[in-house]
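Structural overview
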Amino acid sequence: MRKLGLKRGEHAILMGTLCMTTVENLAMAVGQTGRITVLTEPGVSDAERRSLQQQLHLFPQVTVVAPGPSVDEQQCDAIAILPERLTEPYEPLLDHAWRRLGNGGRLMLTVAQQPDQADQLRDAITAANRTGFVTRYRRNCDKHCAWVGVKYAASKW
């Protein structure tokens, strides 16, 4: 998560099965002035979301929401997509991330920490590069299978 380069006051979105350690690390990175939006998996009930929100009571900057249309601010600084949400076809998810990220926004893709996941990560990176993301960081070994890309939108003069 450190490779996302989160700063105090930024807004990050986490997509995938909730890992409390990951959420806590992101919350500490953005500080009290930042925001973390956790998009739960499809099928998670409202009661389960409320329970998760209660578990995160020490982190008021974290909001647990259902996936789908939202009145939440559309732009964010970073998106972390965990293995459960990184499924083929990758393009719809990457297009969604592109629209939500501001210029210079970071996208992290992660796959299971298994060496045989190299093909999945490679295919996801290829799709992300086609979408317009520029590779900032890539690691694929027994301990880490992750990629961070940056959105650099062309300036309009």
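The structure presented is a predicted model; accordingly, all values stated were derived computationally and were not measured. (Residues numbered from 1 in each chain as written. Predicted model: local features only at pLDDT ≥ 70, side-chain atom pairs only at ≥ 80, totals over all residues. Heavy atoms only, no water.)

1. Quick word on the nonpolar core
Ile79, Ile81, Leu86, Leu107, Leu109 and Trp147 are the most contacted members of the largest nonpolar core, which has 23 residues in total. When contributions to this core are tallied by element, the ones reaching two or more residues are strand S1 (11-15), strand S4 (76-81), helix H3 (91-100), strand S5 (101-110), helix H4 (118-131) and strand S7 (145-151). Ranked by residue count, the leading element in this core is H4, at five residues. Non-local contacts of Ile79, meaning those with residues more than four positions away in its chain, are made with Leu4, Ile13, Met15, Ala97, Arg100, Leu101, Arg106, Leu107 and Met108. Within the second largest apolar cluster, 21 residues are counted, among which are Leu14, Leu26, Ile36 and Leu52. (Core = buried A, V, L, I, M, F, W, Y, C linked by side-chain atoms within 4.5 Å. Buried < 20%, exposed > 50% of the residue type's maximum accessible area, 1.4 Å probe, protein only. Helix = DSSP H or I, 4+ residues; strand = E, 2+ residues; numbered from the N terminus. Contact = heavy atoms within 4.5 Å.)

2. Considering the environment of Glu88
Within the secondary structure layout, Glu88 lies in the loop between S4 and H3. For the pair Glu88 and Asp123, spaced 35 residues apart in sequence, the C-alpha to C-alpha distance is 9.1 Å.

3. Thoughts on the packing of H3 against H4
Taken N-terminus to C-terminus, the directions of H3 and H4 make an angle of 45 degrees; their axes are 10 Å apart at the nearest point. Between H3 and H4, the interaxial angle falls into the category oblique. Between H3 and H4 lies a crossing of right-handed hand. When H3 is examined against H4, the residues Glu91, Leu94, Asp95 and Trp98 are found in contact with a partner set consisting of Ala124, Ala127, Ala128, Arg130 and Thr131. Its residues placed into classes, the contact of H3 with H4 shows five nonpolar, one polar and three charged. (Axes fitted to C-alpha atoms, helices over the stretch in contact; angles between N-to-C directions. Parallel < 35°, antiparallel > 145°, perpendicular 65-115°, else oblique. Left-handed = near helix turned anticlockwise from the far one by under 90°. Nonpolar A, V, L, I, M, F, W, Y, C, P; charged D, E, K, R; others polar.)

4. Description of the confidence of the model for the protein
The predicted coordinates ought not to be read in detail in places where the model reports low pLDDT. Looking at the protein as a whole, its pLDDT mean stands at 85, while 89% of the residues score no less than 70. Mean pLDDT across the secondary structure elements of the protein bottoms out at strand S6 (residues 133-140), with 84, and peaks at S4, with 93. (pLDDT = per-residue confidence, 0-100.)

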